[in-house]
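The primary structure of each chain is shown beneath.
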Amino acid sequence: MIRFILVQNRQGKTRLEKWYSSYAEQERQKLKAEVHRTVASRDQKHQSNFVEFHNHRIVYRRYAGLFFCFCIDTNDNELSMLEAIHLFVEVLDAYHGNVCELDLVFNFYWVYAALDEMFLAGEIQETSRSVILSRMDQLGNLE
């Protein structure tokens, strides 16, 4: 199960957060800072994209200046989560062209809608890029 999803820039500012487990606000702030310190300090060329974190595992991927981080249970498949991160970025790229930090800031409602189409209650719901994009087009037509 996915515990939380964070998208942070290189400076540690959180641009997207989705919590699937309950944490107090103070604990959330602490977790965001810890995740950033852990992920940003790693060598991208010689270390894997999986990090043991408390009793869970962080699966992350860096795209341009953004870190996409998923906190998952230790018994979940890391490679499927890494693939889910890539799919999420592909969906964002399909809508925004080449996604950047400003796209997340100014179109946060669309980004959260795409996230909700892909993940439900901390589990992967949809893995087809075309299905997700068609649903997002349908949502866009309703506005």
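Residues numbered from 1 in each chain as written. Predicted model: local features only at pLDDT ≥ 70, side-chain atom pairs only at ≥ 80, totals over all residues. Heavy atoms only, no water.

- The name an unreviewed UniProt entry assigns to the protein chain is AP complex subunit sigma, from the organism Coemansia biformis.
- Turning to the protein chain, the UniProt annotation filed under Function (unreviewed entry) states: "Component of the adaptor complexes which link clathrin to receptors in coated vesicles. Clathrin-associated protein complexes are believed to interact with the cytoplasmic tails of membrane proteins, leading to their selection and concentration."
- Under Subunit (unreviewed entry), UniProt gives the following word-for-word description of the protein chain: "Adaptor protein complex 2 (AP-2) is a heterotetramer composed of two large adaptins (alpha-type subunit APL3 and beta-type subunit APL1), a medium chain (mu-type subunit APM4) and a small adaptin (sigma-type subunit APS2)." (UniProt positions renumbered as here; feature names shortened; annotations may be inferred.)

Some words on a nonpolar patch on the surface
Item 1. A surface patch of nonpolar side chains, amounting to about 300 Å² of accessible area, comprises Leu102, Val105 and Phe106.
Item 2. One can find Val105 in helix H3 (residues 101–106). (Patch = residues over 30% accessible without salt bridge, like charges linked within 9 Å, V, L, I, M, F, W, Y side chains within 5 Å. Areas by Shrake-Rupley, 256 points an atom, 1.4 Å probe, with all protein chains shown as cover. Salt bridge = Lys/Arg side-chain N within 4 Å of Asp/Glu carboxyl O. Helix = DSSP H or I, 4+ residues; strand = E, 2+ residues; numbered from the N terminus.)

Section: the environment of Arg28
Item 1. Along the chain, Arg28 falls in helix H1 (residues 25–40).
Item 2. With relative accessibility at 22%, the residue Arg28 sits in the partly exposed group.
Item 3. A C-alpha to C-alpha distance of 9.8 Å links Arg28 and Phe4, two positions 24 residues apart in sequence.
Item 4. Residues contacting Arg28, with those up to four places away along its chain left out, are Trp19 and Tyr23. (Buried < 20%, exposed > 50% of the residue type's maximum accessible area, 1.4 Å probe, protein only. Contact = heavy atoms within 4.5 Å.)

Quick word on the sheet that holds strand S4 (residues 56–63)
Strand pairs in the sheet, formed through backbone hydrogen bonds, run parallel or antiparallel to each other.
Item 1. The strand order S2-S1-S5-S4-S3 describes an open sheet built from five strands, whose pairing is antiparallel. In the strand order of this sheet, the two ends are held by strand S2 (14–19) and strand S3 (50–53), each with one partner. Mean inter-strand twist for the sheet, computed between neighbouring axes without regard to direction, equals 20 degrees.
Item 2. Where strand S1 (residues 2–9) lies against S2, five bridges are found, and the strand directions are antiparallel. Paired with Leu6 across the strands is Glu17, a residue of S2.
Item 3. Together, S1, S2, S3, S4 and strand S5 (66–73) form the strand contacts of H1, whose direction differs from that of S1 by roughly 65 degrees.
Item 4. Running over the sheet, helix H2 (residues 78–96) touches S1, S2, S3, S4 and S5 and is turned about 35 degrees from S4. (Pairing = 2+ DSSP bridges. Axes fitted to C-alpha atoms, helices over the stretch in contact; angles between N-to-C directions.)

Some details on the state of the cysteines
Item 1. Inspection of every chain in the model, using the stated rule, returns zero disulfides.
Item 2. This cysteine, Cys71, is not joined by any disulfide, and Cys69 carries the nearest cysteine sulfur, 9.8 Å off.
Item 3. Lacking any disulfide linkage, Cys100 is separated from the closest cysteine sulfur, that of Cys69, by 18 Å.
Item 4. Given a relative accessible area of 35%, Cys100 falls into the partly exposed group. (Disulfide = S-S within 2.5 Å.)

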